[in-house]
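Given next are the chains, with one letter for each unit.
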Amino acid sequence: MDLKFNNSRKYISITVPSTTQTMSPHIKSIDDIMVLGINLSRFNKLTQFLICVAGVFIFYLIYGYLQELIFSVEGFKSYGWYLTLVQFGFYSIFGLIELQLIKDKRRRIPGKTYMIIAFLTVGTMGLSNTSLGYLNYPTQVIFKCCKLIPVMLGGIFIQGKRYNIVDVSAAVCMSLGLIWFTLADSTIAPNFNLTGVILISLALCADAVIGNVQEKAMKLHNASNSEMVLYSYSIGFVYILLGLTCTSGLRPAVTFCSKNPVRTYSYAFLFSLTGYFGISFVLALIKMFGALLAVTVTTGRKAMTIVLSFIFFAKPFSFQYVWSGLLVVLGIFLNVYSKNMDKIRLPLLQSQINKSVDERKSRTLAQTV
């Protein structure tokens, strides 16, 4: 449509493009979900979910194995912050490479928001890595799994979300199962340290907030996963570098790792690579399905990581681990059911409920009469 006003002095033309014309890259990318160069938007929701879940499980299971393997290197346990620095450096490089592969390279999320996200990311991953110097790996994972309830609280206070009774029941089941697991671990293989508990608890608090902040920022500004990874981890790299420099913790860590480059830097590279792939799928889950469902998936992955940890690294075992694990699985099932309540049909149960309601109404009417 063209509206023109033309005389000897002025010419005004207003053009409204038709729906068949090409949209701008920013508008066109609203429905595009890119993960490692793959456009997930062309798949249906179920396929998107399954791809993301498969990516999270595959890459993060390898990630967890390598993390425990690195900290099994004698003398490395006190250098958790340096491992986080190396990890953030690799993440920044990977994010920069991936950002060059997409057409729209603009930064959409404000720098102040990235500074907050970077701070929370440093708290989540740095404190988590450092806690492994004081706690055994299954205990650390158990604490991290308990972030489901803080994420729900964060969703309520940060985004104003409301959760139904099934979601709350899922969070309670998972948390009780994980607490039971922790009690079993403390009885059979006590390796607790108050410093480690404080560190992983602080990491848990940061982890509970970051998912909601990322979800809100990505939806508000329609940012890509690669952009989120690049800027949050590169800013976080600067935070950690300044912190290690100020506390004189950089030189001893560099000296130690230079003596064992294969078992430190090579492991750290693979550890970072699988973690980067995993975080890309997690961010896609957050953007498409929300922080709560993403946390549920990652919590299930952590439970599988614990099983593999017992298989590959010798540890005492108790059947209490099994019962607590089943309780966690129940929580995951309840959460998945809550997300699909409108799609699940239980005719027999529904008919019984309706019959019970009708009988109750009849009794009430009879008493009234």
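Residues numbered from 1 in each chain as written. Predicted model: local features only at pLDDT ≥ 70, side-chain atom pairs only at ≥ 80, totals over all residues. Heavy atoms only, no water.

Named according to an unreviewed UniProt entry, the chain is Adenosine 3'-phospho 5'-phosphosulfate transporter 2 originating from Echinops telfairi. In its Sequence similarities (unreviewed entry) section, the UniProt record describing the chain reads: "Belongs to the nucleotide-sugar transporter family. SLC35B subfamily." As stated in UniProt under Subcellular location (unreviewed entry), the record for the chain gives "Membrane". (UniProt positions renumbered as here; feature names shortened; annotations may be inferred.)

Caption draft 1: Expanded view of the side chain of Asn-129. Residue position: Asn-129 is located in helix α4 (residues 111-131). A distance of 2.9 Å separates a polar atom in the side chain of Asn-129 from a polar atom in the side chain of Thr-84. There is a polar contact of 3.3 Å between the side chain of Asn-129 and the side chain of Gln-87. Aside from chain neighbours lying at most four places away, what touches Asn-129 is Gln-67, Phe-71, Gly-80, Leu-83, Thr-84, Gln-87 and Phe-271. (Helix = DSSP H or I, 4+ residues; strand = E, 2+ residues; numbered from the N terminus. Polar contact = N/O pair within 3.5 Å; in protein donor to acceptor, adjacent residues only side chain to side chain. Contact = heavy atoms within 4.5 Å.)

Caption draft 2: View of the packing of aromatic side chains. By the definition in use, this model includes 19 aromatic pairs. For the ring pair Phe-90 and Phe-94, a centre distance of 6.1 Å and an interplane angle of 15° mean the geometry is stacked. With a gap of four residues between them, Phe-90 and Phe-94 both fall in helix α3 (residues 80-100), about one helical turn apart. Here the aromatic cluster, defined as three or more aromatic residues joined through ring pairs, consists of Phe-59, Phe-88, Phe-90, Tyr-91, Phe-94, Tyr-233, Phe-269, Tyr-276, Phe-277 and Phe-281. A cation over a ring is seen here: Lys-45 above Phe-289, with NZ or CZ 5.3 Å from the ring centre. The positively charged end of Arg-107 is found above the aromatic ring belonging to Tyr-231, 5.9 Å away from the centroid. (Phe/Tyr/Trp six-rings, centres within 6.5 Å; stacked < 30°, edge-to-face > 60°. Lys NZ or Arg CZ within 6 Å of the ring centre and 35° of its normal.)

Caption draft 3: Local environment of a nonpolar patch on the surface. Residues Ile-165, Val-168, Val-172, Leu-176, Ile-179, Trp-180, Leu-183, Phe-319, Val-322, Trp-323 and Leu-326 make up a contiguous nonpolar surface patch of about 1100 Å² in total accessible area. Take the nonpolar patch: its biggest share by element is seven residues, from helix α7 (residues 165-188). Along the chain, the position of Phe-319 falls in the loop between α12 (291-312) and α13 (320-339). (Patch = residues over 30% accessible without salt bridge, like charges linked within 9 Å, V, L, I, M, F, W, Y side chains within 5 Å. Areas by Shrake-Rupley, 256 points an atom, 1.4 Å probe, with all protein chains shown as cover. Salt bridge = Lys/Arg side-chain N within 4 Å of Asp/Glu carboxyl O.)

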